[in-house]
Amino acid sequence: MKKDLPFLAVCNVLFLLTGTAIGEVTQLSESVCHQSGENNGECQADNRSTPDPPHGVLNTSSTSSSGGVGGNDIISTTNTEVMKNASSHDKTSSIEATVEDFVAPEPYRCNIYMAPSSIPGAGFGIFTVRDIAKGEKILPYADAPSIPLCDEYVNGMEETDWNHVDYLWSGKGLAEYECESVSESVVTFGALCNFHTYLANVHPVNEVYDDTLSNRFTSPMAGSFSYHGGHTFEATQAIKAGDEIFADYGETWLDNREGTFADFVPREDDFRKAASLFNKIHRETFENKVHLTDAIMKTYKAIASTMDVRVGSILPDTATKFKSLSKEQYRSRNRPLKTLLAENTIEKRNLEWIQENGICLDLVRPGKSTIPHAGQGAFAQGYIAKDTIISPGPLLNIKDRNLLKLYNSDDEVVGEQLLLNYCFGHVKSPLLLCPQTNMILMNHCSIRKPGQGHCGEKGPNAKVRWGTSWDPDTPEWLKLSLEEVVERTENQRRGLSLEVVATRDIHPGEEVLIDYGENWENALEEHLNEWEPPEDDGTYVPVRTLINNNDFRTLEELEENPYPENAINVCYFQNDGYEDEEIEEIEEDEIVQIEKDGSKFIAEGGMDIQDYVYECDILEKYLDTDKTVYTVRVLYSDEKHFILTDYPEESIAFRMKSYKSDTFLSGAFRHFIEIDDDIFPNQWKIYTLEEEEEEEEEEEK
């Protein structure tokens with residue numbers, strides 16, 4: 001005959017599970033449980049307060065949602081150089097001719113959607129509506145460029161000055177040598193993908209860095225858009241249609257946030273521990289013929305949570321859920337219980353729900369802009385009807401655009417972060433708002449000034465407006481004072497969104513263009529009138545040209561024929577963990593040099609996609625049968641170098657020398673994109689145009 005499990009038996013089971021003495025378990029349980037008034041043995045856990053997590057992180061202890069960007073709230077795909085430029089739109093007529101011939105348009109079939117995350121309280125997430133095989137790219141291209149940020153904290157930025165902190169990437173890889181301290185803004189997958197420590201299913205792949213996209217000696221727009229092609233994202237396991245795409249931030253991302261919400265986010269190993277605990281509870285209740293009730297299950301969960309809050313949070317909180325998981329475990333014997341428990345922490349979405357509640361993220365894709373000198377642009381993948389939302393744009397805030405200024409060692413302003421060109425603002429407000437989707441691809445045109453972004457009599461085919469019904473938070477934020485927006489930004493909160501909407505029908509292959517505003521146009525016109533090319537003294541060659549030529553030189557050869565001043569050699573290398581004393585060491589100038597066989601360090605897939613690259617010197621090169629191999633010195637750290645022999649040529653490449661790329665050209669064009677005055681909140685405006693000009697003149701002095 002089945003019976004309810006008395007409280008003492010629960011303690012005995014917990015002793016078996018955890019090794020804690022019965023008295024200790026009883027003492028712990030008393031702090032979180034009490035017998036119900038109905039004498040039915042039910043224990044109820046106290047409501048323990050826990051910090052709310054930022055959007056985009058697995059949180060099994062909270063189901064409240066405040067909207068917001070998913071992912072980091074923490075992925076994308078070809079040479080995607082975007083630029084906010086003008087110039088004549090001299091291909092309009094050919095595009096319109098194509099449009100005239102287009103008959104019976106069919107809407108584009110979307111592959112990925114932004115929709116409320118399946119992680120409770122995690123804001124937005126990205127979902128696929130097609131099956132994706134392991135190793136397949138989510139999209140076959142990077143959907144926007146990545147934008148390097150340099151020495152932002154050295155230049156006066158504080159973490160409380162913006163809410164990019166949890167969204168920026170480390171910059172490791174192609175952008176690593178842009179400056180001394182580099183991070184990357186990676187939109188869409190890099191910003192909207194949420195983090196689940198167990199269910200992560202994609203990883204990023206660097207795309208090409210191409211500094212031949214603009215010629216610094218002939219183009220006034222050199223350095224005004226990113227040459228970094230962004231990232232593609234590959235599936236690390238099979239992903240089913242309807243699944244959310246989860247990125248892997250790395251558990252150190254959580255560990256580094258000790259004392260915050262991160263303490264309560266289950267790690268991968270916590271799911272293993274929870275599975276073991278689940279099986280023990282199942283075995284003990286079965287062997288003792290215990291009738292598992294909600295009261296008993298809550299007791300188990302409460303006591304387990306007292307001992308390990310993360311593990312306890314994973315256990316089901318009702319007998320019904322426990323039994324359902326037990327049945328699923330029996331039916332799915334090829335799927336580990338820890339996987340079932342992990343899936344139980346999310347709310348599954350079906351395709352109909354995603355398509356009804358989500359917004360398509362891949363209506364456009366990058367391509368070479370029809371506007372000269374503008375880098376990449378956004379092109380319609382299919383027919384887009386008038387009034388369609390082409391791209392939603394959840395925003396990250398910067399409380400004062402002056403914080404993006406760059407200074408030299410004498411505290412003189414020498415430029416501004418490239419990020420400025422990808423953010424929206426208003427001339428009378430210090431606030432900057434930076435979209436986290438491919439809307440940053442969309443270039444400028446207007447009918448205001450022929451030759452300056454001129455796009456025919458029709459004007460741009462899209463416009464920017466505040467986020468509509470898909471974003472419940474924007475209307476509230478638009479009522480806030482500037483001081484309140486700043487305060488929320490300092491507390492790492494976000495809630496504003498923009499969207500790009502079609503102002504007329506857009507046909508397949510047509511470039512999507514928006515109006516950046518009159519002040520942006522005036523700033524561009526001034527820049528074009530004053531621009532002078534840098535002196536071409538023969539010391540600069542694009543890094544991509546050097547990479548394509550494979551002209552690798554030894555230190556001896558460099559004495560006679562040095563590299564251009566803007567480039568360095570890098571080598572692929574991963575330290576395999578050998579202790580120094582196990583390898584012959586040579587002391588030289590207080591730097592340990594460790595000799596190793598370099599033949600195994602093969603950069604599979606090419607050097608562009610590698611993260612583990614270090615500056616290196618080529619000491620020697622020689623023929624080995626039919627190929628050239630090298631001896632290289634990897635400058636691993638200030639204290640340690642590695643000498644690698646028989647090193648393969650395919651594992652050597654070039655990178656830009658710090659502060660020598662076009663991003664740092666003196667006078668490179670910088671200006672934010674304007675939000676139309678008619679929709680920009682008046683309470684956020686604090687400058688007159690004259691005050692803004694005076695402030696800029698004072699900073700120049």
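Residues numbered from 1 in each chain as written. Predicted model: local features only at pLDDT ≥ 70, side-chain atom pairs only at ≥ 80, totals over all residues. Heavy atoms only, no water.

### Considering the overall build of the chain
Okay, so step 1: Within the chain, the regular secondary structure consists of 17 helices and 28 strands.
Okay, so step 2: Relative to its 701 residues, the chain shows a buried fraction of 55%.
Okay, so step 3: Here the chain has roughly 31,400 Å² of accessible surface; of this, 45% comes from carbon and sulfur atoms. (Helix = DSSP H or I, 4+ residues; strand = E, 2+ residues; numbered from the N terminus. Buried < 20%, exposed > 50% of the residue type's maximum accessible area, 1.4 Å probe, protein only. Areas by Shrake-Rupley, 256 points an atom, 1.4 Å probe, with all protein chains shown as cover.)

### Quick word on the pattern of salt bridges
Okay, so step 1: Tallied over the full model, the rule gives 26 salt bridges.
Okay, so step 2: The salt bridge partner of Glu207 is Lys137, with a shortest N-O separation of 3.7 Å. Of this pair, Glu207 sits in the loop between β6 (202-206) and β7 (231-235) while Lys137 sits in the loop between β2 (124-128) and β3 (147-150); the two residues are 70 residues apart in sequence, bridging distant segments of the chain.
Okay, so step 3: Residue classification places Lys137 among the partly exposed residues on the basis of a relative accessible area of 30%. (Salt bridge = Lys/Arg side-chain N within 4 Å of Asp/Glu carboxyl O.)

### Structural notes on empty space enclosed by the protein
Okay, so step 1: Roughly 50 Å³ of internal volume is contained in the largest cavity.
Okay, so step 2: The residue inventory of the lining of the largest cavity, partitioned by class, reads 2 nonpolar, 6 polar and 3 charged. (1 Å grid on protein atoms, 1.4 Å probe; cavity = no way out; pocket = protein on both sides within 12 Å on 5 of 7 lines; lining within 4 Å. Points joined across faces, edges and corners; volume = space filled by probe spheres on them. Nonpolar A, V, L, I, M, F, W, Y, C, P; charged D, E, K, R; others polar.)

### A few points about helix α14 (residues 518-530)
Side chains of residues three or four places apart in an α-helix project in the same direction, reflecting 3.6 residues per turn.
Okay, so step 1: Along its 13 residues, α14 runs 18 Å from first to last C-alpha, staying within 8% of the 18 Å computed at 1.5 Å per residue.
Okay, so step 2: For α14, the full list of buried residues reads Trp520, Glu521, Ala523, Leu524 and His527. The buried side chains of α14 occupy one side of the element, clustering within an arc of 160° when seen end-on. Exposed residues on α14 whose side chains face more than 90 degrees from its buried face are Asn529 and Glu530.
Okay, so step 3: Its buried side turned inward, α14 meets β17 (443-444) and β28 (673-674). (Expected span 1.5 Å × (residues − 1). Arc of directions from axis to C-beta. Contact = heavy atoms within 4.5 Å.)

### Points about the state of the cysteines
Linking two cysteines covalently through their sulfur atoms gives a disulfide.
Okay, so step 1: Applying the stated criterion across every chain yields a total of 4 disulfides.
Okay, so step 2: Between the sulfur atoms of Cys110 and its disulfide partner Cys360 the distance amounts to 2.3 Å. Handedness of the Cys110-Cys360 disulfide follows from its S-S torsion of about 100°: it is right-handed. Taken together, the positions of Cys110 in the loop between α3 (92-101) and β1 (112-116) and Cys360 in strand β9 (residues 359-360) put the pair 250 residues apart, joining distant regions of the chain. Summarising the burial analysis for this pair, Cys110 and Cys360 share the class buried. (Disulfide = S-S within 2.5 Å.)

### Some details on the sheet that holds strand β11 (residues 376-380)
Okay, so step 1: Pairing is mixed in the open sheet, where 4 strands are placed in the order β10-β11-β20-β17. Both outer strands of the open sheet, β10 (364-368) and β17, are each paired with one neighbouring strand and no more. (Pairing = 2+ DSSP bridges.)

### A few points about the pairing of strand β4 (residues 182-185)
Okay, so step 1: On β4, burial covers both faces: Val182 and Glu184 on one face and Ser183 and Ser185 on the other are all buried.
Okay, so step 2: Two elements, β3 and β4, share 4 bridges in a ladder whose sense is antiparallel. Of the residues in β4, the one forming a bridge with Leu149 is Ser183.

### Section: the pairing of strand β26 (residues 640-648)
Okay, so step 1: Across the 9 residues that make up β26, a large majority, 7, are buried.
Okay, so step 2: The sheet contact formed by strand β25 (residues 627-634) and β26 spans 5 bridges and is antiparallel. Bridging across to β26, Val634 finds its partner in Phe642.

### Considering the packing of aromatic side chains
Okay, so step 1: In this structure the tally under the stated criterion is 27 aromatic pairs.
Okay, so step 2: Relative to Tyr614, the ring of Phe573 lies with its centre 6.3 Å away and its plane at 70°, an arrangement referred to as edge-to-face. Placement of Phe573 in the loop between β21 (567-572) and β22 (585-588) and of Tyr614 in strand β24 (residues 613-624) is noted, with a sequence separation of 41 residues between them. In this structure, Phe573 and Tyr614 share a single accessibility class: buried.
Okay, so step 3: Clustering of aromatic rings is evident, with ring pairs tying together Phe573, Phe601, Tyr614, Tyr636 and Phe642.
Okay, so step 4: Positioned above the aromatic ring of Tyr540, the side-chain terminus of Arg216 is 3.6 Å from the ring centre. (Phe/Tyr/Trp six-rings, centres within 6.5 Å; stacked < 30°, edge-to-face > 60°. Lys NZ or Arg CZ within 6 Å of the ring centre and 35° of its normal.)

### Digging into helix α6 (residues 268-287)
Okay, so step 1: With 20 residues, α6 should reach 28 Å at 1.5 Å per residue; the first-to-last C-alpha distance of 30 Å fits that figure.
Okay, so step 2: If you check which residues of α6 are buried, you get Asp270, Phe271, Ala274, Ala275, Leu277, Phe278, Ile281, Glu284 and Thr285.
Okay, so step 3: Lys289, located one to two residues past α6, shows a positive phi value of around 50°.

### Observations regarding the nonpolar core
Okay, so step 1: Core analysis: the biggest nonpolar cluster contains 102 residues, and Ile390, Met442, Val632, Val634 and Tyr647 have the highest contact counts within it.
Okay, so step 2: Ranked by the residues each element gives to this core, the list is headed by β21, at 5 residues.
Okay, so step 3: Sequence-distant contacts of Tyr647, defined by excluding residues within four places in its chain, comprise Cys571, Tyr572, Gly598, Phe601, Val629, Tyr630, Val632 and Ile652.
Okay, so step 4: Counting 30 residues, the second largest nonpolar core, distinct from the first, contains Met114, Ala247, Leu254 and Leu361. (Core = buried A, V, L, I, M, F, W, Y, C linked by side-chain atoms within 4.5 Å.)

### Section: unusual backbone geometry
Okay, so step 1: Notably, Lys289 is not glycine yet its phi reads approximately 50°, a positive angle.
Okay, so step 2: Of note, the phi angle at Asp387 is positive, near 75°, even though the residue is not glycine.
Okay, so step 3: Within the secondary structure, Asp387 is located in the loop between β11 and β12 (389-398).

### Describing the environment of Ile132
Okay, so step 1: Note on placement: Ile132 falls in the loop between β2 and β3.
Okay, so step 2: With sequence-adjacent residues up to four places away left out, Ile132 is seen in contact with Ile138, Ala235, Gln237, Ala238 and Ile239.

### A look at a negative patch on the surface
Okay, so step 1: Residues Glu535, Asp536, Asp537 and Glu565 make up a contiguous surface patch of negative charge.
Okay, so step 2: Topologically, Glu565 is positioned in the loop between α16 (555-560) and β21.
Okay, so step 3: Note on Glu565: relative accessible area 45%, which makes it partly exposed. (Patch = residues over 30% accessible without salt bridge, like charges linked within 9 Å, V, L, I, M, F, W, Y side chains within 5 Å. Lys, Arg positive; Asp, Glu negative; His and termini not counted. Charge placed at Lys NZ, Arg CZ, Asp CG, Glu CD.)

### Brief notes about the sheet that holds β2
Hydrogen bonds between backbone atoms are what pair the strands of a sheet, whose relative direction is either parallel or antiparallel.
Okay, so step 1: Spatial strand order, β2-β1-β9: 3 strands in an open sheet with antiparallel pairing. Edge positions in the sheet fall to β2 and β9, since each has one partner strand and no second.
Okay, so step 2: Relative to β9, β1 runs antiparallel, the two being bridged by 2 bridges. Within the sheet, the bridge partner assigned to Met114 lies in β9 and is Ile359.

### Overview of the confidence of the model for the chain
Okay, so step 1: Per-residue confidence for the chain averages 83 on the pLDDT scale, and 80% of its residues sit at or above 70.
Okay, so step 2: Every residue in residues 1-102 is under pLDDT 50, and counting partners more than four places away or in other chains gives 321 contacts.
Okay, so step 3: Counting interchain partners and residues more than four positions distant, the pLDDT-below-50 stretch residues 579-583 has 6 contacts. (pLDDT = per-residue confidence, 0-100.)

### Focus: the side chain of Glu152
Okay, so step 1: Mapped onto the secondary structure, Glu152 falls in the loop between β3 and β4.
Okay, so step 2: For the buried residue Glu152, which engages in no salt bridge, the nearest side chain bearing the opposite charge is Arg257, 12 Å off.
Okay, so step 3: Setting aside residues up to four positions removed in sequence, Glu152 forms contacts with Met157, Trp162, Leu168, Ser181, Ser183 and Gln417.

### What to know about the environment of Asn344
Okay, so step 1: On the secondary structure map, Asn344 appears in the loop between α10 (337-343) and α11 (351-357).
Okay, so step 2: Overall, Asn344 belongs to the partly exposed group, its relative accessible area being 39%.

### Notes on the packing of α6 against helix α9 (residues 319-331)
Okay, so step 1: One can describe the packing of α6 onto α9 by two numbers: an axis separation of 12 Å at closest approach and a directional angle of 100°. Comparing the axis directions of α6 and α9 gives the class roughly perpendicular. Across from Phe278, Asn279, Ile281 and His282 in α6, the residues of α9 making contact are Phe322, Leu325, Ser326 and Gln329. (Axes fitted to C-alpha atoms, helices over the stretch in contact; angles between N-to-C directions. Parallel < 35°, antiparallel > 145°, perpendicular 65-115°, else oblique.)

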